[in-house]
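Understanding the architecture of this molecule
Residue-level listing of the chains:
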Amino acid sequence: MCFLSQLFNRRARESARSTVHAPKPVPTFTENDIIIVLVGPSGAGKSSFINKAAGSDVAGVGHRLFPSTGGIKTTRITNDSKLSNVVLVDTRSFDDTENSGARVLRDVFDWLNEVCQTNILLSAILCFHRISDNRVAANHITVDPLKHLFMFRKLCGNEAESRIVLTTTMWDEVQERVGKSRLVELESTHWKTMIERGSTTFRYWNTQESARELLQMVAEQTVQRRGIQSSLS
Ligand SMILES: Nc1nc2c(ncn2[C@@H]2O[C@H](COP(=O)(O)OP(=O)(O)OP(=O)(O)O)[C@@H](O)[C@H]2O)c(=O)[nH]1
Ligand SMILES: [Mg+2]
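A brief report on the enclosed structure follows. (Residues numbered from 1 in each chain as written. Chains lettered and ligands numbered in written order. Predicted model: local features only at pLDDT ≥ 70, side-chain atom pairs only at ≥ 80, totals over all residues.)

1. Re the packing of helix α2 (residues 46-54) against helix α7 (residues 208-232)
For any two helices packed against each other, the geometry comes down to the angle between their axes and how far apart the axes lie. One can describe the packing of α2 onto α7 by two numbers: an axis separation of 8 Å at closest approach and a directional angle of 90°. Here α2 lies roughly perpendicular to α7, going by the angle between them. In contact with Phe49, Lys52 and Ala53 of α2, α7 contributes Gln208, Ala211, Arg212 and Leu215. (Axes fitted to C-alpha atoms, helices over the stretch in contact; angles between N-to-C directions. Helix = DSSP H or I, 4+ residues; strand = E, 2+ residues; numbered from the N terminus. Parallel < 35°, antiparallel > 145°, perpendicular 65-115°, else oblique. Contact = placed C-beta atoms within 7 Å.)

2. Regarding the pairing of strand β5 (residues 164-169)
Each regular strand displays side chains that alternate between the two surfaces of the sheet. Across the 6 residues that make up β5, a large majority, 6, are buried. Neither face of β5 is left uncovered, since the one carrying Ile164, Leu166 and Thr168 and the one carrying Val165, Thr167 and Thr169 both have all their residues buried. By the bridge criterion, 6 bridges tie strand β4 (residues 124-130) to β5 in an arrangement that is parallel. Its bridge partner being in β5, Cys127 is matched across the sheet by Leu166. Pairing geometry for β5 and strand β6 (residues 200-203), over 4 bridges, is parallel. Residue pairing in the sheet places Leu166 in a bridge with Thr201 of β6. (Buried ≥ 20, exposed ≤ 12 C-beta atoms within 10 Å, placed from the backbone. Pairing = 2+ DSSP bridges.)

3. A few points about the packing of helix α3 (residues 100-115) against helix α4 (residues 149-156)
Packing of α3 against α4 leaves a shortest axis separation of 10 Å and a crossing angle of 20°. With respect to α4, the axis of α3 lies roughly parallel. Between α3 and α4 the crossing geometry is left-handed. Here Ala102, Leu105, Val108, Phe109 and Leu112 of α3 lie close against α4, whose contacting residues are Met151, Lys154 and Leu155. A per-class count over the contact of α3 with α4 returns 7 nonpolar, no polar and 1 charged. (Left-handed = near helix turned anticlockwise from the far one by under 90°. Nonpolar A, V, L, I, M, F, W, Y, C, P; charged D, E, K, R; others polar.)

4. Observations regarding the nonpolar core
Membership of the largest hydrophobic core comes to 44 residues, with the highest contact counts inside it found for Ile36, Val37, Leu38, Ile125 and Leu215. Counting residues per element, the ones that place at least two in this core are β1 (34-39), α2, β3 (86-90), α3, β4, α4, β5 and α7. A per-element tally of this core places β1 first, with 6 residues. For Leu215, the residues in contact, after removing those within four places along its chain, are Ile36, Ala53, Leu83 and Val86. (Core = buried A, V, L, I, M, F, W, Y, C linked by C-beta atoms within 7 Å.)

5. Digging into the sheet that holds β4
Across a sheet, strands are paired by hydrogen bonds formed along the backbone, either parallel or antiparallel in direction. The mixed open sheet is built from 6 strands, whose spatial order is β2-β3-β1-β4-β5-β6. The sheet is open, and its two edges are formed by β2 (73-76) and β6, each paired on a single side. Shown here is a sheet whose adjacent strand axes are inclined to one another by a mean of 25°, direction ignored. Looking at chain direction, β2 and β3 are connected through 4 bridges and run antiparallel. Among the inter-strand pairings, Lys73 is bridged to a residue of β3, identified as Asp90.

As structure tokens, then:
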């Protein structure tokens, strides 16, 4: 080995030894928190929902052609007393490969284990779907959520189906009649079993009121569930 490469290797080793890795800031959660994860394909409107709910530009919204959100990002709702325990979790989007949805859920699982000292389950998973899409990719998690039940249960507990909200966006991009008929089709095919088992659908109107209506619904259900659980234990 020449002198220069020996010197380079020694410097690299010394520099690796002396590098101080600052601890990553870890968000802290309590058992009272209501953690809601948003999943869905790129451009479905996950980050803009968070901005609308929070009332400020906290989540990067993409206006270009490529996926915008790169990883998990949490936002606590601070300016609505009814939603003070709500934490929204933005995720990277799915691509068209079959395992993409599973990978995103695995990221959420790893993140949940990393940041939660106690065993906190998700209060809800909002699966975003653009009603303006005139075709659906059958392998997408938001089109065929049943395929991901195993991971949903790991994240939300045994009654995971009732914590899934199939959230449709982009209603302003379609004629009401067309959007309604697509929703009916989804409810009677891909989403049928999930709905029979307790999942709900929600038409999101791209407004703060609509975002907060959905979050309040989830928050109320969570508080009710926790009340029942603590009265049983
Ligand atoms: N017309 C219309 N546009 C919307 C709606 N919701 C979101 N958008 C727009 O759609 C684009 C993509 O929205 P994002 O919130 O970045 O989508 P995302 O799901 O976070 O996308 P990724 O971060 O790439 O996964 C932005 O230009 C938004 O302003 C809606 O309901 N109607
Ligand atoms: Mg995004």
